[in-house]
Amino acid sequence: MENLKTLTESVCRIAREAGHFLKEERKSFRREAVVEKHAHDYVSYVDKESERRVVTALRQLLPEAGFITEEGSAVYQDEPYCWVVDPLDGTTNYIHDNAPYCVSIALRDKHSLLLGVVYEPCRDECFYAWKGGGAYVDGEKMCVSAVRNAEEAFVVTELPYNFKQYARTGEHLIHELYGKVAGIRMNGSAALALCYVAAGRFDAWLEAFIGKWDFSAAALMVLEAGGKVTDFYGNESFMDGHHIIATNGPLHSLLLQLVKEVPPHNM
């Protein structure tokens, strides 16, 4: 496999091309094109065509790699490397013509994340990282925030589609954070929320019931920017999990404590 930095640069070009496709299609997009996969979880021809384009380009870039993709257009068959692709993260935002939304691409081997790229076409920002090489946004190195106190924390969380399992946890988080932190946001894109933690725009983030394609690329950015990523139980082996916490580090124990206060059977 070629140098990780060089490979990351190539993936940035692929993500940008897919992101430009998303932005152009948004100009003529109609809600009639949307299909509901699950309750409140949507897909359209835009997701599928974006994924097709990304997969085709990545196959040419690294033929020996398999795929984990949100829309299932390619598969992983125990290859030594695996691309993890979300062709449109923030689909609900996209459908309603709201920012942000993005293309997310990660490369991993059987043990670790190797590179991650997230391109956000609304602000024309490309976030990227490679293992051991740091994390960047459009050439500028990223670093997580230095906030240590809850009252200064700018926290982003989401209320996932699995509302029956997550309702008590979500309600508990809002109840415990509201009025005690500097602000709470929901931005509709896990990948970008993680990127914003890496860039120091958010101080902490958590979300449950998400796929590998949602967090893999940007989780590497948080780690390379000096932050911390675990599952809801504090395990650093989060890559195959679905409940993820990412913070600047000092605030991690606060979020871990809050999710532990809700009985596990509700998750």
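Since we're looking at a predicted model, the values are computed, not measured.

Visitor: So what's going on with the overall build of the chain? Residues and values would help.
Guide: Along the chain, the regular secondary structure elements total 7 helices and 14 strands. Its C-alpha atoms put the chain at 50 × 45 × 35 Å along the principal axes. Residue pairs at least 24 apart in sequence account for 62% of intrachain contacts in the chain once pairs closer than 6 positions are excluded. Per element, the accessible surface of the chain, about 11,800 Å² overall, is 49% carbon and sulfur. Of note, the chain has its 27 positive side-chain charges centred 1 Å away from the centre of its 38 negative side-chain charges.

Visitor: Can you explain the UniProt feature "binding site: Mg(2+)" (unreviewed entry) in the chain? Please cite residues and give values.
Guide: As annotated in UniProt, the feature "binding site: Mg(2+)" (unreviewed entry) corresponds to E70, D86, L88, D89 and D214 in the numbering used here. A maximum C-alpha distance of 9.5 Å places the annotated residues, which cover 145 residues in sequence, within one compact spot. In this fold, E70 is placed in the loop between β3 (65–69) and β4 (81–89). Checked against the element boundaries, D214 lands in helix α6 (residues 212–224). Residue classification places D214 among the buried residues on the basis of a relative accessible area of 11%.

Visitor: Can you explain the packing of aromatic side chains? Please cite residues and give values.
Guide: Each aromatic ring pair is specified by the distance between its two centres and by the angle formed by the two planes. Counted by the stated rule, this structure contains 9 aromatic pairs. Aromatic rings pair up to connect F127, F154, Y196 and F202 into one cluster.

Visitor: Help me get a handle on the nonpolar core, residues and values and all.
Guide: Within the largest apolar cluster, 39 residues are counted, with the highest numbers of intra-cluster contacts made by V118, F127, M142, W205, M221 and F238. Mapped onto this core, the elements with two or more residues apiece are β4, β5 (102–108), β6 (113–120), β7 (125–130), β8 (135–137), α5 (190–198), α6 and β14 (244–247). Both domain 1 (4–141) and domain 2 (150–261) contribute no fewer than three residues apiece to this core. Those residues within four positions of F238 in sequence are excluded, and the remaining contacts are L113, F215, A219, L223, V229, T230, D231 and I244. Of all hydrophobic cores here, the second largest spans 34 residues; its members include V54, A65, Y119 and Y128.

Visitor: Lay out the sheet that holds strand β10 (residues 154–157) in plain terms, naming residues and giving numbers.
Guide: Spatially, β11-β10-β12-β14-β13 is the arrangement adopted by the 5 strands of the open sheet, whose pairing is mixed. For this open sheet the edge positions go to β11 (183–185) and β13 (228–231), each flanked by a neighbour on one side alone. Within the sheet, the average angular offset between the axes of one strand and its neighbour, ignoring direction, is 15°. Inspection of the sheet shows β13 paired to β14 by 4 bridges, in the antiparallel sense. Of the residues in β14, the one forming a bridge with K228 is T247. Packing against the sheet, helix α7 (residues 252–260) makes contact with β12 (204–207), β13 and β14, and its axis sits at approximately 155° to β14.

Visitor: Please provide a residue-by-residue account of the state of the cysteines, values included.
Guide: Counting across every chain of the model gives 0 disulfides. For the unlinked cysteine C82, the closest cysteine sulfur is that of C102, found at 18 Å. Between C122, a free cysteine, and C102, which holds the nearest cysteine sulfur, the sulfur-to-sulfur gap is 9.4 Å.

Visitor: I'd like to hear about the domain arrangement of the chain, residue by residue, with values.
Guide: Considered domain by domain, the chain is made up of domain 1 (4–141) and domain 2 (150–261). Put simply, the middle of domain 1 and the middle of domain 2, counted by C-alpha atoms, are 20 Å apart. Among the residues domain 1 hides against domain 2, the three largest losses belong to R108, L113 and F127. Together they make up 23% of the total. R201 is the partner of E125 in a salt bridge, and the nearest nitrogen-oxygen pair spans 2.8 Å.

Visitor: Could you give an account of the pattern of salt bridges, naming the residues involved and the relevant values?
Guide: For the structure shown, the criterion picks out 13 salt bridges. Linking E49 and R52 is a salt bridge whose minimum nitrogen-to-oxygen distance equals 2.8 Å. Here E49 pairs with R52, and both are found in helix α2 (residues 45–61), just 3 residues apart, close to one helical turn. The partner of R123 in a salt bridge is E125, and the shortest N-O contact between them spans 3.9 Å.

Visitor: Outline the pairing of β4, supporting the account with residue identities and numerical values.
Guide: For β4, the tally of buried residues reaches 8 of 9 residues, placing the bulk of the element in the interior. As defined by bridge partners, β4 adjoins β5 across 6 bridges and the pair is classed as antiparallel. Residue V85 lies in a different strand from β5, and its bridge partner there is I105.

Conventions adopted
Residues numbered from 1 in each chain as written. Predicted model: local features only at pLDDT ≥ 70, side-chain atom pairs only at ≥ 80, totals over all residues. Heavy atoms only, no water. Helix = DSSP H or I, 4+ residues; strand = E, 2+ residues; numbered from the N terminus. Contact = heavy atoms within 4.5 Å. Areas by Shrake-Rupley, 256 points an atom, 1.4 Å probe, with all protein chains shown as cover. Lys, Arg positive; Asp, Glu negative; His and termini not counted. Charge placed at Lys NZ, Arg CZ, Asp CG, Glu CD. UniProt positions renumbered as here; feature names shortened; annotations may be inferred. Buried < 20%, exposed > 50% of the residue type's maximum accessible area, 1.4 Å probe, protein only. Phe/Tyr/Trp six-rings, centres within 6.5 Å; stacked < 30°, edge-to-face > 60°. Core = buried A, V, L, I, M, F, W, Y, C linked by side-chain atoms within 4.5 Å. Domains from an automatic or database assignment. Pairing = 2+ DSSP bridges. Axes fitted to C-alpha atoms, helices over the stretch in contact; angles between N-to-C directions. Disulfide = S-S within 2.5 Å. Buried area = accessible area lost by both parts, 1.4 Å probe. Salt bridge = Lys/Arg side-chain N within 4 Å of Asp/Glu carboxyl O.

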